[in-house]
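Residue-level structural notes
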Amino acid sequence: MKMSDVNTEKRLRLLKQIRSRYNENQFDLNNRERILYGRSSRPAERYEEPLEDGQLPDGQLSFFRLRLVLAVMLVGLVILMDMRNISLAGITADKIFQAISADYEEKLEQWTNNSQPSI
């Protein structure tokens, strides 16, 4: 074992202790506020040990992962539509490519000019 490995382990333990102490303090503060004022500045939380970096609570799916999977599926669908010349509800891959590559700057300027109140 290298000396730097020991230092890293100590740092990780210290970080876990600090996070745990912070969570305990927040939990205690919320309890005191609830006792004194009948409310808390933050919603009541169930006390749990802090999660490791990158971990999610049990039963929760990352919304980012869901969006990523959906985006990959949609891109795959457009590529498939282009390769096989498929149209869905009258929309072809060419129409999708035109909508993506269109220059909307002039339309946006018109919209912003129309939405501003005249003086």
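Let us look at the structure shown here. (Residues numbered from 1 in each chain as written. Predicted model: local features only at pLDDT ≥ 70, side-chain atom pairs only at ≥ 80, totals over all residues. Heavy atoms only, no water.)

In this section: the overall build of the chain. Within the chain one finds four helices and zero strands. The N-to-C order of helical and strand elements in the chain reads α-α-α-α. Counting all 119 residues of the chain, 8% fall into the buried class. For the chain, the computed accessible surface area is about 11100 Å², with 58% contributed by carbon and sulfur atoms. (Helix = DSSP H or I, 4+ residues; strand = E, 2+ residues; numbered from the N terminus. Buried < 20%, exposed > 50% of the residue type's maximum accessible area, 1.4 Å probe, protein only. Areas by Shrake-Rupley, 256 points an atom, 1.4 Å probe, with all protein chains shown as cover.)

A few words now on the packing of helix H2 (residues 63-84) against helix H3 (residues 93-101). Interaxial distance between H2 and H3 falls to 8 Å at its minimum, and their mutual angle equals 125°. With respect to H3, the element H2 is oriented oblique. For the pair formed by H2 and H3, the contact residues are Val78, Met81 and Asp82 on the first element and Ala93, Asp94, Ile96 and Phe97 on the second. Broken down by class, the residue content of the contact of H2 with H3 amounts to five nonpolar, no polar and two charged. (Axes fitted to C-alpha atoms, helices over the stretch in contact; angles between N-to-C directions. Parallel < 35°, antiparallel > 145°, perpendicular 65-115°, else oblique. Contact = heavy atoms within 4.5 Å. Nonpolar A, V, L, I, M, F, W, Y, C, P; charged D, E, K, R; others polar.)

Moving on, we get to a nonpolar patch on the surface. Side chains of Leu70, Leu74, Leu77, Leu80, Ile86 and Leu88 sit close together on the surface and give an oily, nonpolar patch of about 490 Å² of accessible area. One can find leucine 88 in the loop between H2 and H3. Assessed through its relative accessible area of 43%, leucine 88 is described here as partly exposed. (Patch = residues over 30% accessible without salt bridge, like charges linked within 9 Å, V, L, I, M, F, W, Y side chains within 5 Å. Salt bridge = Lys/Arg side-chain N within 4 Å of Asp/Glu carboxyl O.)

On to unusual backbone geometry. Not every positive phi belongs to a glycine, and asparagine 85 is a case in point at roughly 55°. Considering the arrangement of structural elements, one finds asparagine 85 in the loop between H2 and H3.

A cluster of acidic residues, Asp103, Glu105, Glu106 and Glu109, forms a negative patch on the protein surface. Summarising the element assignment, glutamate 109 is placed in helix H4 (residues 105-115). (Lys, Arg positive; Asp, Glu negative; His and termini not counted. Charge placed at Lys NZ, Arg CZ, Asp CG, Glu CD.)

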